[in-house]
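One-letter residues, chain by chain:
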Amino acid sequence: MDLPIDNKSHIYPHAFSVSTRDRAELLRQTPGIVWFTGLSAAGKSTIASAVELRLHRSGKHTFLLDGDTLRTGLCRDLSFSNEHRHENIRRAGEVSRLMADAGLLVLVCAISPFAADRELARALAGPHRFMEVHVHVPLAVAERRDPKGLYKLARLGAIKNFTGIDSPYEEPAAPDIRINTTQCSVADAAALITQQLCGT
Ligand SMILES: Nc1ncnc2c1ncn2[C@@H]1O[C@H](COP(=O)(O)OP(=O)(O)OP(=O)(O)O)[C@@H](O)[C@H]1O
Ligand SMILES: [Mg+2]
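With an unreviewed UniProt entry as reference, the protein chain is termed Adenylyl-sulfate kinase, source organism Caballeronia udeis. Taken verbatim from the UniProt record of the protein chain, the Sequence similarities (unreviewed entry) comment is "Belongs to the APS kinase family."

See the structure below:
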């Protein structure tokens, strides 16, 4: 995407009085970003929702940033071309970074098919604040589940650039956690992720 101007030379970050660390201390938690990647219907939103419920019930301050929510608001101007997918994930990464700076445990659900974009999100998050969860499912199972009916439309050609059908998904080579949702229940996945995140 074209950026309008080189604006960096006119930006002077202010030294604000309350720091990221101050906010986290007030909330009594270590902020961070859990990034769920995987095919449509893999189970990202389902598992992230279960993780958020566990965290919330244990007194953690959370926010769930779901790809579908972003695409109806902040990213409503973006298509599913490769260029716009990069921009979609860049925005999700920037917003999740801000939310982590606010002290929150942020759960991001986005197909995020390109490894470079996920690495950008990790870099934006900063050291020790990013956990990549690959929610894995074989394409055939995702197509059988098809809770939104999107695979059917993609196979009919009514939706273009659909991940797994006519747009690629680059599997994470070394995610922090990989969940195979044909073998692991939602409850077990949520317990595993929460344990790795908070030790509880
Ligand atoms: N072990 C499992 N973990 C997660 N979801 C499962 C599991 N077994 C079956 N499912 C079902 O798979 C579907 C996953 O849908 P979900 O909306 O969570 O996928 P998603 O990865 O968020 O997809 P999208 O990218 O389209 O938002 C749900 O209908 C869920 O009930
Ligand atoms: Mg989802």
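In the neighbourhood of ligand 1, 17 residues make up the surrounding shell, with S40, K44, T46, K148 and C184 lying closest. Contact between ligand 1 and A42: an oxygen atom at 3.3 Å from a main-chain N or O atom of the residue. Here T181 contributes a backbone N or O atom positioned 3.2 Å from a nitrogen atom of ligand 1. About the coverage of ligand 1: the protein hides 75% of its 640 Å² of free accessible area. If you map ligand 1 onto the pockets, it falls in the largest pocket.

Turning to the layout of surface pockets, a few remarks are in order. In this structure, the largest pocket spans a volume of roughly 700 Å³. Taken together, 33 residues make up the lining of the largest pocket; nearest its centre are S40, K44, D68, I111 and K148. Every element with two or more residues in the lining of the largest pocket is listed here: α2 (44–57), α3 (67–72) and α4 (82–101). Tallying contributions element by element places α2 first for the lining of the largest pocket, with 4 residues.

With that settled, consider unusual backbone geometry. Positive phi outside glycine occurs at A41, with the angle close to 75°. Of note, A41 is situated in the loop between β1 (32–37) and α2. For A41, a relative accessible area of 17% puts it in the buried group. A positive phi angle, near 35°, is found at D146, a position not held by glycine. Locating D146 in the fold gives a position in the loop between α6 (139–145) and α7 (150–156). Residue class for D146 comes out buried when judged on its relative accessible area of 16%.

Parameters at a glance
- Residues numbered from 1 in each chain as written.
- Chains lettered and ligands numbered in written order.
- Predicted model: local features only at pLDDT ≥ 70, side-chain atom pairs only at ≥ 80, totals over all residues.
- Heavy atoms only, no water.
- UniProt positions renumbered as here; feature names shortened; annotations may be inferred.
- Near = heavy atom within 4 Å.
- Polar contact = N/O pair within 3.5 Å; in protein donor to acceptor, adjacent residues only side chain to side chain.
- Areas by Shrake-Rupley, 256 points an atom, 1.4 Å probe, with all protein chains shown as cover.
- 1 Å grid on protein atoms, 1.4 Å probe; cavity = no way out; pocket = protein on both sides within 12 Å on 5 of 7 lines; lining within 4 Å.
- Sits in = over half its atoms within 2 Å of the grid points.
- Points joined across faces, edges and corners; volume = space filled by probe spheres on them.
- Helix = DSSP H or I, 4+ residues; strand = E, 2+ residues; numbered from the N terminus.
- Buried < 20%, exposed > 50% of the residue type's maximum accessible area, 1.4 Å probe, protein only.

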